Amino acid sequence: MGKKHDNPESEVPTKIESRYQPGLLRQCVNEGLSADAMMERLSILHKQTLRKHLLRLMAEDKTFYDIEGLFLRGSNLPKVNPKGRLTLNLRGMVIAGQEVADGDIFQVRVEEDRIVLTRG
């Protein structure tokens, strides 16, 4: 058995994810929004939650919905790993009207507080 907390103020508040909203989610799908745009409109913080909501909607509608960017890892907040390396996922990204391909070379330079990538 776990301990009982006498002081409810000492408990850490948890952030509750957005509730399932089939009407609004269906509207987003019909508009052809990407996964990131849907997450913003529905106030969803994690793609896993969006996936669960979409699976539930697909089961209810008995229809498959293909959502752009749903299964791509987010590259908008890359993190430095313990070895000091920063990894970016550029698959599917369009830079200057051209898609990134295997073997593309980039120049890296640091300007003030920014890291700038330039296709070489």
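In short, a report on the structure. (Residues numbered from 1 in each chain as written. Predicted model: local features only at pLDDT ≥ 70, side-chain atom pairs only at ≥ 80, totals over all residues. Heavy atoms only, no water.)

1. With respect to the pattern of salt bridges
Logical step 1: The tally for this structure, following the rule as stated, stands at six salt bridges.
Logical step 2: The residue D36 makes a salt bridge to K47 at a minimum N-O spacing of 4.0 Å. In this pair, D36 sits in helix 2 (residues 35-42) while K47 sits in helix 3 (residues 47-61), placing the two residues 11 residues apart along the sequence.
Logical step 3: A relative accessible area of 47% means that D36 is categorised as partly exposed.
Logical step 4: Here E60 makes a salt bridge to R56, at a shortest N to O gap of 3.6 Å. (Salt bridge = Lys/Arg side-chain N within 4 Å of Asp/Glu carboxyl O. Helix = DSSP H or I, 4+ residues; strand = E, 2+ residues; numbered from the N terminus. Buried < 20%, exposed > 50% of the residue type's maximum accessible area, 1.4 Å probe, protein only.)

2. A few points about the side chain of H53
Logical step 1: Here H53 is to be found in helix 3.
Logical step 2: Here H53 is in contact with S18, R19, Y20, L25 and I44, once residues within four sequence places are set aside. (Contact = heavy atoms within 4.5 Å.)

3. Focus: helix 2
Three- or four-residue spacings in an α-helix give side chains the same orientation, since the helix completes a turn every 3.6 residues.
Logical step 1: Every buried residue of helix 2 is accounted for by A35, M38, M39 and L42. End-on, the buried residues of helix 2 take up no more than an arc of 100°, which puts them together on one face.
Logical step 2: Elements in contact with the buried residues of helix 2: helix 1 (22-31) and helix 3.
Logical step 3: After helix 2 finishes, the residue S43 shows a positive phi value of roughly 60°. (Arc of directions from axis to C-beta.)

4. Side note on the packing of helix 1 against helix 2
The description of two helices packed together rests on the angle between their axes and the distance between the axes.
Logical step 1: Contact pair helix 1 / helix 2: the axes reach a minimum separation of 10 Å and the direction vectors enclose 150°. Judged by the inter-axis angle, helix 1 sits roughly antiparallel to helix 2. In the crossing of helix 1 with helix 2, the sense of the turn from one axis to the other is right-handed. Residues L24, L25, Q27, C28, V29 and E31 of helix 1 form the contact with helix 2, whose participating residues are M38, R41 and L42.
Logical step 2: Of the residues belonging to the contact of helix 1 with helix 2, the class tally is six nonpolar, one polar and two charged. (Axes fitted to C-alpha atoms, helices over the stretch in contact; angles between N-to-C directions. Parallel < 35°, antiparallel > 145°, perpendicular 65-115°, else oblique. Left-handed = near helix turned anticlockwise from the far one by under 90°. Nonpolar A, V, L, I, M, F, W, Y, C, P; charged D, E, K, R; others polar.)

5. Here's the deal with the environment of L25
Logical step 1: Along the chain, the position of L25 falls in helix 1.
Logical step 2: Residues L25 and L54, spaced 29 residues apart in sequence, show a C-alpha to C-alpha distance of 7.7 Å.
Logical step 3: Excluding residues within four positions of it along the chain, L25 makes contact with Y20, M38, L42, L50, H53, L54 and L57.

These figures come from the coordinates and say nothing about function on their own.
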